[in-house]
Amino acid sequence: VSMNDRYLNTNECIAYELIQRREEGLDVGELENRWKEIQNAYHKEDAEQLLSELEAMDSPKGLRENEPSNLEDILGEKNDDSNNVSFKNDFLLDRILGGWMGRAAGCMLGKPVEKHPREKIREILQSNNTWPLSNYITAKGIPDEVKSTFSWNRHSGIDSLRENIVCMPEDDDMNYPMLNLKVVESYGLSFTTENIGTTWLELMPIMSTFTAERNAYYNLLSGYLPPETAIKRNPYREWIGAQIRADLWGWLSPGNPKRAVELGWRDGRLSHVRNGLYGELFFAAVLSNSFTSDTPKDALQKAILFIPEKSRFADAIHFAMDLEKKTDNWEIALDLLQEKYGHYHWVHTINNAALVTASLIFGNGDYEKSICNVVMGGWDTDSNGATVGSIVGTMLGAENLPKKWIEPMNNQIRSSMKGFDRSKFTDLAKRTVRQINK
């Protein structure tokens, strides 16, 4: 992989590092001015020097206290009130299969329109009378003049259109739960962050990774160890990549959110810090609670207790949970989210986690409504569809998932990861349950 790769490129790293530092509350005005000068008369050495200075800056004291990255400080005195409930195998298999398939279908729903803003998604769906969403996206009936202003996501977007679906196409959002399953099969639940890194290198092609994961992967190849892998040349360390890796930890810890958080932390710290980490920890806990909660709201409320309460992430989750008090109209809720968090990059953790949370509350356990709501919200549509689909799928179980969403996948998933291509969802669920029983 070349250092000119879009995620490793010095110019791109500087641009996003400046934004990241500003979000942390640092004054980077002088460095921004220097960057403008360097760009005018470009010298690579000057750019590298500037990036080093940006990376060496210390975050404000308040931020370090309110948004810790080490597990002891994140958890504080929190105790797990779960009484290690035991579940029957049939129950676990149905719920976990519901999670795997629910995740895949939600991911596939969002795939064709990933990267496009909410307004563009609406325009394209209204052009062939499929707004509001109630099925997989189709290209049929979209007028040519609208089509010419729009491109389907190049990562299997076309394969995810209703008329082309034969299975779940390859996707990073689905690679990670499979990869994490392999970690646990190989190392048991006492796996380390280094074991995760080794498994990445063994199973996953680097070009199947994006943003923070691509940079962490490159850092592993360069000889860095965690937690350095998460912070070296990695301006994406608070983006959504860790959040899409949460599922397996929740499935392996039914009714035991504290354990889900601990497992998620060992995974997330390879590539993420602070809010980037909290996305994984929070949704791992939500998924763990999905086995024992009657409503998504209950699962969310119990999970937020594990996140540092003065963090920007916790603020965003509370904001999203309170939206139903302000409106019962989903479009108005989306306007409020956009107004509050629209300044974040479309694959940042904070805005997407808030959108997922609101979709779960407004969907209130209805699978179709929940995944359609979140995809209509824009931002990281396939990742958010996957997380929402996974949580509601785990709550409902495979038996209760609508067939119209599940049957088109023909119980098969493609993958770029060694040993996982053309896996069956039923097999992945059985393998997951086997690890719980161990």
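Owing to the predicted nature of the structure, the values given are computational and were not obtained by experimental measurement. (Residues numbered from 1 in each chain as written. Predicted model: local features only at pLDDT ≥ 70, side-chain atom pairs only at ≥ 80, totals over all residues. Heavy atoms only, no water.)

Engineer: Please give an account of the layout of surface pockets that cites residues and values.
Structural biologist: Empty space within the largest pocket amounts to approximately 460 Å³. As for the largest pocket, its lining consists of 31 residues, and the residues nearest its centre are Tyr7, Glu114, Asp172, Phe210 and Trp346. Where the lining of the largest pocket is concerned, the elements lending two or more residues are α1 (10–23), α9 (172–187), α11 (211–221) and α22 (381–396). Among the elements that line the lining of the largest pocket, the one with the most residues is α9, at three residues. For the lining of the largest pocket, the per-class residue count stands at 10 nonpolar, eight polar and 13 charged. (1 Å grid on protein atoms, 1.4 Å probe; cavity = no way out; pocket = protein on both sides within 12 Å on 5 of 7 lines; lining within 4 Å. Points joined across faces, edges and corners; volume = space filled by probe spheres on them. Helix = DSSP H or I, 4+ residues; strand = E, 2+ residues; numbered from the N terminus. Nonpolar A, V, L, I, M, F, W, Y, C, P; charged D, E, K, R; others polar.)

Engineer: Let's hear about the packing of helix α17 (residues 312–321) against helix α19 (residues 330–341): which residues, and what values?
Structural biologist: Two elements in contact, α17 and α19, have axes separated by 11 Å at closest approach and are oriented at 160 degrees. For the element pair α17 / α19, the angle class is roughly antiparallel. For the element pair α17 and α19, the recorded crossing hand is right-handed. Contacts from Asp315, Ala316 and Phe319 in α17 reach Leu336, Leu337, Lys340 and Tyr341 in α19. Taken together, the residues that form the contact of α17 with α19 break down as five nonpolar, no polar and two charged. (Axes fitted to C-alpha atoms, helices over the stretch in contact; angles between N-to-C directions. Parallel < 35°, antiparallel > 145°, perpendicular 65-115°, else oblique. Left-handed = near helix turned anticlockwise from the far one by under 90°. Contact = heavy atoms within 4.5 Å.)

Engineer: Any chance you could break down the pattern of salt bridges for me, citing the residues and the numbers?
Structural biologist: Tallying each qualifying case throughout the model produces 27 salt bridges. The salt bridge involving Asp247 is made with Arg103; its shortest N-O contact spans 3.1 Å. Of this pair, Asp247 sits in helix α13 (residues 247–251) while Arg103 sits in helix α6 (residues 89–110), and the two are 144 residues apart along the sequence. Residue Asp247 is classed as buried on the basis of its relative accessible area, which comes to 1%. The exposure class of Arg103 is buried, given its relative accessible area of 0%. Between Arg122 and Glu331 there is a salt bridge; the shortest N-O distance is 3.2 Å. Of this pair, Arg122 sits in helix α7 (residues 118–127) while Glu331 sits in helix α19, placing them 209 residues apart in sequence. Each of the salt bridges in this network shares a partner with another, and the network as a whole consists of Glu17, Arg21, Glu24 and Arg237. (Salt bridge = Lys/Arg side-chain N within 4 Å of Asp/Glu carboxyl O. Buried < 20%, exposed > 50% of the residue type's maximum accessible area, 1.4 Å probe, protein only.)

Engineer: Kindly report on the state of the cysteines, identifying the contributing residues and their values.
Structural biologist: Tallied over the full model, the rule gives zero disulfides. With no disulfide partner, Cys107 has as its closest neighbouring cysteine sulfur the one in Cys167, 12 Å distant. (Disulfide = S-S within 2.5 Å.)

Engineer: Go over the environment of Glu309, please, and point to the residues and values.
Structural biologist: By the secondary structure assignment, Glu309 is in the loop between α16 (296–303) and α17. For Glu309, a relative accessible area of 69% translates into the label exposed. Taking the C-alpha atoms as reference points, Glu309 and Leu63, separated by 246 residues in sequence, lie 12 Å from one another.

Engineer: Describe the environment of Asn352, and please don't skip the residues or the numbers.
Structural biologist: Relative to the helices and strands, Asn352 is located in helix α20 (residues 349–363). Here Asn352 falls in the buried class, since its relative accessible area comes to 0%. For the pair Asn352 and Ser208, spaced 144 residues apart in sequence, the C-alpha to C-alpha distance is 21 Å. If we ignore the near neighbours within four places in the chain, the residues touching Asn352 are Ile240, Gln243, Trp346, Val347, Trp379, Asp380 and Asn384.

Engineer: So, the side chain of His348: which residues are in play, and what are the values?
Structural biologist: One can find His348 in the loop between α19 and α20. What makes His348 buried here is its relative accessible area of 1%. A polar atom in the side chain of His348 sits 3.5 Å from the backbone oxygen of Glu238. Side-chain polar atoms of His348 contact the backbone nitrogen of Ile350, separated by 3.2 Å. When residues no more than four places from it in sequence are discounted, the contact partners of His348 are Glu23, Glu238, Trp239 and Ile240. (Polar contact = N/O pair within 3.5 Å; in protein donor to acceptor, adjacent residues only side chain to side chain.)

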